[in-house]
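Each chain, written out:
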Amino acid sequence: MGEAGWATERQRTAIARSRLSVPARQAFADGQLLSGRRILDFGCGRGDDVRALERLECHVTGWDPHFQPDSQRSPADVVLLTYVLNVIEDQVERRETLRAAWALATAVLVVSARLTWERSKVNGGQLGDGVVTGRRTFQHLFTTHELRQLVEDITGSRCVAAAPGIIYAFREETARLSYLARRIAPDLGWTGPDDPSTAVESLVRYVERRGRPPRLEEMPTAISEVIAKLRPAILRNLIRKTAHPELIEASARQSTLNTLLFLALELFNGRGRFTSLPLSIQWDIRAFFSSYQEACRRADRLLLKLRDDAYVRGAMSASRVGKLTPTALYVHRRAMDAMPTVLRLYEHCAAIAAGRPEEWTVVKLKHDGRAASWLHYPDFDSDPHPRVRSDYRVDLRTLEASHRSYEGSTNRPLLHRKHEFLAPDDPDTALYQRLTAEEVRAGLYANPHLIGTEAGWEAELARCGRDFRGHRLVKREWDHPSG
Ligand SMILES: C[S@@+](CC[C@H](N)C(=O)[O-])C[C@H]1O[C@@H](n2cnc3c(N)ncnc32)[C@H](O)[C@@H]1O
């Protein structure tokens, strides 16, 4: 359908952007917009994402029925469908548009739409399943689950929520699984230099980090050319002599758990064939399990444990990191990977179902019922008692998400005992622990029911005559009348 048939002024929804849109930024950060790939921005509006991506040396074209109707709509590796579906009034046309965009995507389709939590920003009268604003623009705000379902329906593929309101539909299983694997362990690839003179040293570091030797295919070419010339027995000898066995052992344990986590997450998202798994995961399975079947059995058990209240509660009590309350475990993002594997799985399942927000500081995992919240405390590092800015919550039973912003709120919840959210060996833990001890001595925790929000905490600080200088508690200086 051309714009002549539009029931509202859809083109007016296209804003000028001074920076890359959130979905394009996410896809770029996720390595989906690599420079060798062709990208089509379908419904590109004024074309600012196209120009920004060109500056990032991407090979990109844009098409828009209003702004760029004459531009080519050729197949591309990546098709971006950014905030288009929500401006279409007609449900059938929404589906047709999605189908047309998918038909052009040879590797991945990135679909984004505005979500229900923006309802308060969209005023106007009801039209069909959306709202018509005073400027005669239309918005259908999606729930996270509805958007994912729609994309799964039309593409017939298993989708992953990259972030709230941003869905990836992959053409090939292998690409989806590689993406999931990178989400679980982004740094497990080759990280050393690709300088042939340090090839053996880099290889040893890899073994210490991953718990197994790399295959030639996992190395940069410059390194693999050197390593390929060494006889396997000599190589094994070199590794045995120079690598730290306790590091290899600890990494092998961690890689085993990461593989289990991946396979359980994969089961949650829909299990693929062994041959669709990223090669490095296939090699991990061969190195750390007796067979793929055994690995799958253990991963299935892990996913089942996620449904077991007593098990989850036990894992939370045993967790080396995080603050356990009567209803949930709270963990700082820096400490997340140190959680027991079943809890990492809990967080990852919620994230692929409804997206992990771009900005967050602490994750909250409920143990009565299943819901994960990502809480954002922008001043966590600098403020001894950080105030919450937003809370994005995913209910794992319904896969629906909700969002709460505390911006403009005058009495925000705040954190105490910051060290409890971090790992014991975090560089900041000791500093925060000292502060908590001083606060306890000063009597600031005598009335715990009063201190959960800003006003109550301020009142207790005043009662105890205390203030902060950085992360030190000091006596409050009262204002004296001058003269
Ligand atoms: C909110 S704007 C988004 C523009 C751009 N993707 C961005 O994020 O800046 C919605 C755009 O969708 C375009 N549009 C409307 N109906 C469309 C359809 N059926 N297919 C493709 N694009 C459409 C409009 O012309 C408008 O430019």
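Going by the structure above, here's the rest.
A brief structural summary. (Residues numbered from 1 in each chain as written. Predicted model: local features only at pLDDT ≥ 70, side-chain atom pairs only at ≥ 80, totals over all residues.)

Around the ligand there are 22 residues in total, and Thr13, Ala14, Gly43, Gly45 and Thr82 lie nearest to it. When grouped by side-chain class, the residues that make up the shell around the ligand number nine nonpolar, eight polar and five charged. (Near = placed C-beta within 6 Å. Nonpolar A, V, L, I, M, F, W, Y, C, P; charged D, E, K, R; others polar.)

What links the strands of a sheet is backbone hydrogen bonding, and the strands pair in either a parallel or an antiparallel sense. One open sheet holds the six strands; their spatial order is β10-β11-β12-β13-β14-β15, and the pairing between them is antiparallel. Where the open sheet ends on each side, the last strands, each with one partner, are β10 (323–324) and β15 (401–405). Where helix α13 (residues 341–354) meets the sheet, it contacts β11 (328–332), β12 (362–366), β13 (371–376), β14 (390–395) and β15, and its direction lies at approximately 100 degrees from that of β12. (Pairing = 2+ DSSP bridges. Helix = DSSP H or I, 4+ residues; strand = E, 2+ residues; numbered from the N terminus. Contact = placed C-beta atoms within 7 Å. Axes fitted to C-alpha atoms, helices over the stretch in contact; angles between N-to-C directions.)

Moving on, we come to the sheet that holds strand β5 (residues 125–127). The sheet built from three strands is open, its strands ordered β5-β6-β7 with antiparallel pairing. Among the strands making up the open sheet, the edge pair consists of β5 and β7 (138–139). For strand β6 (residues 130–132) and β7, the ladder comprises two bridges, and the chain directions are antiparallel. The residue bridging Val132 from the neighbouring strand is Phe138, located in β7.

Attention shifts here to the nonpolar core. The biggest cluster of nonpolar side chains holds 101 residues, and the ones touching the most others in it are Val79, Leu81, Leu109, Val110, Val111 and Ala169. Ranked by residue count, the leading element in this core is α13, at ten residues. (Core = buried A, V, L, I, M, F, W, Y, C linked by C-beta atoms within 7 Å. Buried ≥ 20, exposed ≤ 12 C-beta atoms within 10 Å, placed from the backbone.)

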